[in-house]
Amino acid sequence: QVQLVESGGGLVQSGGSLRLSCTVSGASTARFATFVMTWYRQAPEKQRELVATIFVGDKTTYTDSVKGRFTISRDNAGTTAYLLMNSLKPEDTAVYYCNAKNFNVNAWGQGTQVTVSS
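Keep in mind the model is a prediction, meaning the values are calculated, not measured. Once a new chain begins, its residue numbering starts again from 1 and follows that chain's sequence as written. Local features in a predicted model are, by the rule used here, given only for residues with pLDDT of at least 70; side-chain atom pairs are given and counted only at 80 or more, and totals for whole chains, interfaces and linings are based on all residues. The side-chain values count all of the structure's non-hydrogen atoms but skip hydrogen atoms and water molecules.

1. Things to note about the overall build of the protein
The helix and strand inventory of the protein stands at one helix and eleven strands. Working definition: helices are DSSP H or I runs of at least four residues, strands are E runs of at least two. Numbering for both runs from the N terminus. Shown N-terminal to C-terminal, the secondary structure of the protein runs as helices and strands in the order β-β-β-α-β-β-β-β-β-β-β-β. Relative to a compact globule of 118 residues, whose C-alpha radius of gyration would be 13 Å, the protein shows 14 Å and is just as compact. On the principal axes, the C-alpha backbone points of the protein span a range of 40 × 25 × 20 Å. Burial statistics for the protein: of 118 residues in total, 44% are counted as buried. When checking whether two residues touch, look at their non-hydrogen atoms; a contact exists if any pair is within 4.5 Å. Partitioning the intrachain contacts of the protein with sequence separation of at least 6 by distance along the chain shows that 53% fall at a separation of at least 24. All radius of gyration figures rest on C-alpha atoms, and the globule criterion is 2.2 Å times the number of residues raised to 0.38. Partly exposed describes any residue whose relative accessible area lies between the buried limit of under 20% and the exposed limit of over 50%, with all areas from a 1.4 Å probe on protein chains only and scaled to the type maximum.

2. Here's the deal with the side chain of asparagine 102
Note that asparagine 102 resides in strand 9 (residues 94-102). Classification of asparagine 102 by relative accessible area gives buried; the value is 15%. Side-chain polar atoms of asparagine 102 contact the backbone nitrogen of asparagine 104, separated by 3.1 Å. Setting aside its immediate chain neighbours within four residues, asparagine 102 contacts Thr34 and Phe35. Here a polar contact means two N or O atoms within 3.5 Å. Within protein one must be a hydrogen donor candidate and the other an acceptor candidate, and residues neighboring in sequence count only if both atoms are side-chain atoms.

Structure representation (structure tokens):
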């Protein structure tokens, strides 16, 4: 069974940086390479929002509000995806979730809290 664990969240001042990790277990590196990896976030009383996606072949897409500040990447020699977040703003405060998807997998992590103070 594929399982995801996010880590790296915390409290940071506005303008600071954090790097989130999403470690996938229950999948070989070959299987991990077939996953589309996506980071989502959910702020209090708001709907879950797609933040960034990295596709097979490493093409990336971002929601407009994080373009130029966040970078999604993956370690295809292992089974981990990352979200590097720079120039953080208070409005980036949310629980960040990782998702792994392919033709027969749609797995979520438990989330990691990111809090940006002004």
